[in-house]
Amino acid sequence: MVLIQPRLWRPVSQLSSRSHTFGRACSCASARTRAVSSRHGSETRYIASGSLDTDGSASTLGLGSYVALWFGTSCVFNILNKLTLNIFPMPLFLSTWQLIASSTFMIMLWTLGLHPKPKLPKRFLFHLLPVAFFHTVGHVAACVSFNMMAVSFTHVVKVCSYTSAHPQKP
Amino acid sequence: MSLLPFCEAAELTRDIVCSYSGEVASSLVCIILGVLVAAHQEVTFSWIGTGYAMASNLGMVLRGLYSRRCLQGFEGMDGINLFGLISLSSLIFCIPLSLLFESHAWPQAASAAVAALGSEAAMWQLLVAGGVFYHLYNQLSYMVLYQGISPVTFSVGNTMKRVAIIVTSVALFKNPVSLLSWVGSAAAVFGTYWYSAAAWRVRQQLAQ
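Residues numbered from 1 in each chain as written. Chains lettered and ligands numbered in written order. Predicted model: local features only at pLDDT ≥ 70, side-chain atom pairs only at ≥ 80, totals over all residues. Heavy atoms only, no water.

1. A few points about the overall build of chain A
Next, step 1: For chain A, the count of helices and strands is five helices and zero strands.
Next, step 2: Counting from the amino terminus, helix and strand elements in chain A follow one another as α-α-α-α-α.
Next, step 3: Scored against the burial criterion, the 170 residues of chain A give a buried share of 51%.
Next, step 4: Entry remark: accessible area of chain A is about 7,700 Å², with carbon and sulfur atoms responsible for 67%. (Helix = DSSP H or I, 4+ residues; strand = E, 2+ residues; numbered from the N terminus. Buried < 20%, exposed > 50% of the residue type's maximum accessible area, 1.4 Å probe, protein only. Areas by Shrake-Rupley, 256 points an atom, 1.4 Å probe, with all protein chains shown as cover.)

Written out as structure tokens, the structure is:
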């Protein structure tokens, strides 16, 4: 079974001009996922869904704007984090707080139906716990490091992990 | 918890690093020298802090290794869902850790912070903004990934993102960074790209 990266988020250019909203992208994506799963019954296959734009430049603009937003929000986050650490030097509290924030957002997305909920068989938790442990170590250690040293130097050290640490399909 | 992914990665790394590839060796030397030079010039440098940063690297790499198994064969499991589940289950480890090691200092630090900011509302605003942007930047990184770019391109983008963070933080916090420090940081970034290209080539050779 060949597993290809599911394209759950269509490029911005494929959405109608009026609704570049989060919710619209998610509901279109979830509809497509449901159609795919129902066609193949119990065996779930992830198919590279969504045809690419014939006009390459429009999807490049979409990718460019996502990348720009990604860079922008990362910079803002790091600056806010350091500002908070400067006046409230409690890195363990802050890292826990950030994880709570992320969890709250995702629970909100799942309950409002803006993103398809994952199905969790029992053995999944067994696979998830070591991942969660290493994520905790990575996140908390980074926050402690930001507290102790300048943000720029910590990032110079972090640049050295070239391996894409993003959870994604191989 | 199986040690298999860790052993496989360790073996592969050993094969790459111990291969008699001049490129791999040079790129590693470039990274190490770059970081050392940047560290030497860094006013706020501390060994413990650097140790924590390296631990963070290790943690994230191991997370990436183990998370690939989580994505195989589970219905509805994509990157951002997995990230949400990881965040939720990380709280199992994080909440006890922070309560155990830091909670004694919270009241005093909180009142000092409120005094520094002027009002409790400002403190909450700062915290909420931090949380919102933390989630947003992770969400956007998955949205970038889903545009269909390859993992290698994404890694390049990730490194460039760190460069952007370094530049903006130096610009805004105005921490003293000498020219030699910039040279060292640039060498570390360049060495990282060089190592990933060289390691890829060695991997291709080993696969034959």
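2. A short note on empty space enclosed by the protein
Residue and element names in this part refer to chain A.
Next, step 1: Taken as a whole, this structure holds six cavities of 30 Å³ or more when the rule is applied.
Next, step 2: Counted as a void, the largest cavity has a volume near 470 Å³.
Next, step 3: Among the elements that make up the lining of the largest cavity, the one with the highest residue count is helix α4 (residues 122-148) (six residues).
Next, step 4: Residue composition of the lining of the largest cavity, by class: 12 nonpolar, 14 polar and four charged. (1 Å grid on protein atoms, 1.4 Å probe; cavity = no way out; pocket = protein on both sides within 12 Å on 5 of 7 lines; lining within 4 Å. Points joined across faces, edges and corners; volume = space filled by probe spheres on them. Nonpolar A, V, L, I, M, F, W, Y, C, P; charged D, E, K, R; others polar.)

3. With respect to the state of the cysteines
Next, step 1: Enumeration according to the criterion identifies zero disulfides over all chains in this entry.
Next, step 2: The closest cysteine sulfur to the non-disulfide-bonded C160 of chain A is located on C30 of chain B, 10 Å from its own sulfur.
Next, step 3: Relative accessible area serves as the criterion here: at 23%, C160 of chain A is assigned to the partly exposed category. (Disulfide = S-S within 2.5 Å.)

4. Some points on the interface of chain A and chain B
Next, step 1: The interface of chain A with chain B comprises 100 residues on the first partner and 115 residues on the second.
Next, step 2: Applying the counting rule to chain A against chain B returns zero salt bridges.
Next, step 3: Our count for the chain A to chain B interface comes out at 17 residue pairs in polar contact (both at pLDDT 80 or more).
Next, step 4: Looking at the side of chain A that touches chain B, the elements that each hand over two or more residues are α2 (56-87), α3 (91-111), α4 and α5 (151-158) of chain A.
Next, step 5: Counted by class, the side of chain A that touches chain B contains 66 nonpolar, 26 polar and eight charged residues. (Contact = heavy atoms within 4.5 Å. Salt bridge = Lys/Arg side-chain N within 4 Å of Asp/Glu carboxyl O. Polar contact = N/O pair within 3.5 Å; in protein donor to acceptor, adjacent residues only side chain to side chain.)

5. Points about α4 of chain A
Next, step 1: The end-to-end C-alpha distance of α4 of chain A, which contains 27 residues, comes to 40 Å, matching closely the 39 Å that a straight helix rising 1.5 Å per residue would cover.
Next, step 2: The principal kink in α4 of chain A, of about 30 degrees, is found at L128 of chain A, preceding the proline P130 of chain A by one to four residues. (Expected span 1.5 Å × (residues − 1). Bend = angle between axes of the 7 residues up to and from the residue.)

6. A closer look at the side chain of S74 of chain A
Next, step 1: Tracing the backbone through its elements, the reader meets S74 of chain A in helix α2.
Next, step 2: In terms of polar contacts, S74 of chain A uses its side chain to reach the backbone carbonyl oxygen of W70 of chain A, at 2.9 Å.

7. Section: the packing of aromatic side chains
Next, step 1: Scanning the model with the defined rule gives 17 aromatic pairs over all chains in all.
Next, step 2: Between F133 of chain A and F93 of chain B the ring centres are 5.5 Å apart and the planes differ by 70 degrees, which places this aromatic pair in the edge-to-face class. Of this pair, F133 of chain A sits in helix α4 while F93 of chain B sits in helix α4 (residues 79-102), on two different chains.
Next, step 3: Judged by relative accessible area, which is 27%, F93 of chain B ranks as partly exposed. (Phe/Tyr/Trp six-rings, centres within 6.5 Å; stacked < 30°, edge-to-face > 60°.)

8. What to know about a nonpolar patch on the surface
Residues and elements named next belong to chain B.
Next, step 1: A cluster of nonpolar side chains, namely V167, L179, L180, W182 and V183, defines an oily patch on the protein surface of about 480 Å² accessible area.
Next, step 2: Top contributing element to the nonpolar patch by residue count: helix α8 (residues 179-207), with four residues.
Next, step 3: Its location among the elements puts V183 in helix α8. (Patch = residues over 30% accessible without salt bridge, like charges linked within 9 Å, V, L, I, M, F, W, Y side chains within 5 Å.)

9. Here's the deal with the packing of helix α7 (residues 151-173) of chain B against α8 of chain B
All names here are of chain B.
Next, step 1: For the pair α7 and α8, interaxial distance at closest approach is 11 Å and the crossing angle is 170 degrees. It follows that α7 is roughly antiparallel to α8 by the angle criterion. Here α7 contributes V156, T159, M160, V163, I166, V167 and V170 to the contact with α8, which in turn contributes W182, V189 and Y193.
Next, step 2: Of the residues that constitute the contact of α7 with α8, the class distribution is nine nonpolar, one polar and no charged. (Axes fitted to C-alpha atoms, helices over the stretch in contact; angles between N-to-C directions. Parallel < 35°, antiparallel > 145°, perpendicular 65-115°, else oblique.)

10. Topic: the confidence of the model for chain A
Residues and elements named next belong to chain A.
Next, step 1: Mean pLDDT over chain A: 71, with 61% of residues reaching 70 or higher.
Next, step 2: When the elements of chain A are averaged for pLDDT, helix α1 (residues 22-39) gives the smallest value, 39, and α3 the largest, 94.
Next, step 3: Note on residues 1-55: pLDDT under 50 across the span, and 79 contacts to partners over four residues away in sequence or across chains.
Next, step 4: Low pLDDT, under 50, characterises residues 163-170; the predicted model gives this stretch 35 contacts beyond four residues in sequence or across chains. (pLDDT = per-residue confidence, 0-100.)

11. Points about the pattern of salt bridges
Residue and element names in this part refer to chain B.
Next, step 1: Evaluation of the coordinates by the stated rule reveals one salt bridge over all chains.
Next, step 2: For E23, the salt bridge is made with R201, and the minimal N-O distance between the two is 3.0 Å. Of this pair, E23 sits in helix α2 (residues 22-41) while R201 sits in helix α8, placing them 178 residues apart in sequence.
Next, step 3: Overall, the relative accessible area of 30% leaves E23 in the partly exposed class.
Next, step 4: For R201, a relative accessible area of 44% gives the class partly exposed.

12. Points about the side chain of S169 of chain B
Next, step 1: Take S169 of chain B: it is sitting in helix α7.
Next, step 2: In this structure S169 of chain B comes out as buried when scored by relative accessible area, which is 2%.
Next, step 3: There is a polar contact of 3.1 Å between the side chain of S169 of chain B and the backbone oxygen of I166 of chain B.
Next, step 4: Every residue in contact with S169 of chain B, bar those within four places of it in the chain, is listed here: V151 and S152 of chain A together with K174 and N175 of chain B.

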